[in-house]
Amino acid sequence: MRRIVEVKNIKIGEGIPKVCVSMTGENLEELKKEAHVLKTAPLDIVEWRADFFDKVQDILKVKETLKVIGEILYDIPILFTFRSKKEGGAKNIDIEYYKTLILCVAEEKSADLIDIELFMGDDTVKELIEKCHENGGRVVVSNHDFQNTPRKEEIVAKLKKMQMLGADIAKIAVMPRNSSDVIELLSATNEMNQKCREIPIITMSMSGIGVLSRVAGEIFGSAVTFGAVRKPSAPGQIGIGDLNSILKVLHESLNK
């Protein structure tokens with residue numbers, strides 16, 4: 001049976017997929033406004049996409065900003081993410097600063113979940129996971145392909161590798177070229193859900209054609225879905241009002 005990851009009374013890997021919304025403000029004032037809006041929104045998790053933050057290379061500013069966000073969203077789990085440009089993020093930083101940033105956030109204990117990119121390298125990923133765990137943090141190991149959709153076997157292999165490296169949650173997002181690619185992603189998700197039920201997984205097929213993958217997680221096994229309140233942070237995200245309605249209808253249909 002898959003282990004459930006519980007943060008602030010949100011059980012990831014159980015029941016309806018949890019709804020996550022990303023904050024993409026470029027400065028503290030923008031982020032504060034976003035946080036106040038999200039505080040009352042129908043969501044489960046808030047992701048701070050720190051790659052959009054104009055002071056992300058100032059550790060002290062990152063600490064201060066994360067503390068402010070946490071005070072506003074005190075009862076909502078926060079996922080800290082620096083998404084590199086090669087995986088769809090707003091900017092790049094060198095590997096040493098990336099490690100410093102992740103370790104600093106872990107030590108501050110201001111984020112409930114921390115995203116670590118799989119292709120930072122096995123040794124780096126394992127080191128960062130260990131340090132996050134030492135400080136009581138939970139880790140989402142992620143991989144984003146904005147060019148295409150790998151074959152099912154490759155998707156499954158990546159998710160298994162994330163488990164092997166020590167992830168608490170494994171996440172993969174891919175770009176579909178056609179409906180067959182969406183089926184490939186859903187098939188891989190279903191295989192992981194049926195045969196490798198060790199940790200929660202998050203999968204999605206991006207863009208408009210992949211929207212089915214964002215709402216069908218309870219059927220195929222994806223534990224979290226990403227929606228938008230204002231500006232989407234990735235292709236294919238839909239508004240959380242519509243997202244919650246669809247998730248509820250599917251959940252009720254599955255449990256009749």
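Looking at an unreviewed UniProt entry, one finds the chain named 3-dehydroquinate dehydratase, with Clostridium cadaveris as its source organism. Per UniProt, the comment on the chain under Pathway (unreviewed entry) is "Metabolic intermediate biosynthesis; chorismate biosynthesis; chorismate from D-erythrose 4-phosphate and phosphoenolpyruvate: step 3/7." Here the chain is described in UniProt, under the heading Subunit (unreviewed entry), as follows: "Homodimer."

S.K.: Looking at this structure, how should I read the pairing of strand β9 (residues 201–205)?
M.R.: Regular strands have side chains that alternate between both faces of the sheet. Burial runs high along β9: five of the five residues are buried. Where strand β8 (residues 169–174) lies against β9, five bridges are found, and the strand directions are parallel. Bridge pairing in β9 places A173 opposite M204. Between the parallel elements β8 and β9, the chain passes through helix α6 (residues 179–195) in a crossover that is right-handed.

S.K.: What exactly am I supposed to notice about the sheet that holds strand β6 (residues 113–117) here?
M.R.: In sheet architecture, strand pairing relies on hydrogen bonds along the backbone and comes in two forms, parallel and antiparallel. Read from one edge of the open sheet, eight strands run β9-β8-β7-β6-β5-β4-β3-β10, paired in parallel fashion. The open sheet has two free edges, formed respectively by β9 and β10 (224–227), since each of these has just one partner strand. Between one strand axis and the next, the sheet turns through 25 degrees on average, direction left out of account. Where strand β3 (residues 18–23) lies against β10, four bridges are found, and the strand directions are parallel.

S.K.: I keep staring at the packing of aromatic side chains and nothing clicks. Help me out?
M.R.: Any pair of aromatic rings gets described here by the distance separating the centres and the angle formed by the planes. One pass over the structure, following the stated rule, counts three aromatic pairs. Each ring, one from W48 and one from F80, has its centre 5.6 Å from the other, and the planes form 75 degrees; the classification is edge-to-face. Note that W48 is positioned in strand β4 (residues 45–49) and F80 in strand β5 (residues 78–81), a separation of 32 residues in sequence. Here W48 and F80 have matching classes, each one buried. Ring geometry for F82 and Y98: centres 6.5 Å apart, planes at 75 degrees, overall edge-to-face. Of this pair, F82 sits in the loop between β5 and α3 (95–108) while Y98 sits in helix α3, and the two are 16 residues apart along the sequence. No difference in accessibility class separates F82 from Y98, as the two residues are buried. A connected cluster of aromatic rings, assembled from ring pairs, spans W48, F53 and F80. Across the ring face of F226, the terminal group of K171 is positioned such that the distance to the ring centre comes to 4.3 Å.

S.K.: Can you walk me through the side chain of R49 in this structure?
M.R.: In this fold, R49 is placed in strand β4. Side chain to side chain, R49 and D51 meet in a polar contact 2.8 Å long.

S.K.: I'm lost on the nonpolar core in this one. Help?
M.R.: In summary, soluble globular proteins display a tendency toward joint burial of nonpolar side chains. Among the nonpolar cores identified, the biggest contains 63 residues, and M23, W48, L73, F80 and I116 are the most heavily contacted of them. The dominant element in this core, judged by the number of residues it contributes, is α3, at seven residues. W48 has contacts with M23, L31, F53, V62, T65, L66, I69, L79, F80 and T81, leaving out every residue within four places of it along the chain. Counting residues in each nonpolar core, the second largest holds 18 residues, with I10, I12, M206 and A223 among its members.

S.K.: Just to check I follow, could you spell out the environment of L159 for this structure?
M.R.: Inspection of the secondary structure puts L159 in helix α5 (residues 152–165). C-alpha separation for the pair L159 and L118, spaced 41 residues apart in sequence, amounts to 9.7 Å.

S.K.: Hey, could you run me through the UniProt feature "binding site: 3-dehydroquinate" (unreviewed entry) in the chain in this one?
M.R.: Mapped onto the present numbering, the UniProt feature "binding site: 3-dehydroquinate" (unreviewed entry) falls on S22, E47, W48, R49, R83, R214, S233 and Q237. Mapping S22 onto the fold places it in strand β3. The exposure class assigned to S22 is buried, which follows from its relative accessible area of 8%. Of note is the side chain of S22, whose polar atom sits 2.5 Å from the side chain of E47. Within the fold, R83 resides in the loop between β5 and α3. Here R83 is in contact with E47, R49, D51, G88, G89, A90, K91, D115, E117, S142, H144 and K171, once residues within four sequence places are set aside.

S.K.: What am I meant to see in the environment of H251 here?
M.R.: Its place among the elements puts H251 in helix α9 (residues 240–254). Note on H251: relative accessible area 24%, which makes it partly exposed. Along the sequence, H251 and E218 sit 33 residues apart, while their C-alpha atoms lie 7.3 Å from each other. Beyond its immediate chain neighbours, meaning those up to four positions away, H251 contacts I16 and E218. Only 2.7 Å separates the side chain of H251 from the side chain of E218, close enough to count as a polar contact.

About the thresholds
Residues numbered from 1 in each chain as written. Predicted model: local features only at pLDDT ≥ 70, side-chain atom pairs only at ≥ 80, totals over all residues. Heavy atoms only, no water. UniProt positions renumbered as here; feature names shortened; annotations may be inferred. Buried < 20%, exposed > 50% of the residue type's maximum accessible area, 1.4 Å probe, protein only. Helix = DSSP H or I, 4+ residues; strand = E, 2+ residues; numbered from the N terminus. Pairing = 2+ DSSP bridges. Right-handed = clockwise from strand over helix to strand, strands pointing away. Axes fitted to C-alpha atoms, helices over the stretch in contact; angles between N-to-C directions. Phe/Tyr/Trp six-rings, centres within 6.5 Å; stacked < 30°, edge-to-face > 60°. Lys NZ or Arg CZ within 6 Å of the ring centre and 35° of its normal. Polar contact = N/O pair within 3.5 Å; in protein donor to acceptor, adjacent residues only side chain to side chain. Core = buried A, V, L, I, M, F, W, Y, C linked by side-chain atoms within 4.5 Å. Contact = heavy atoms within 4.5 Å.

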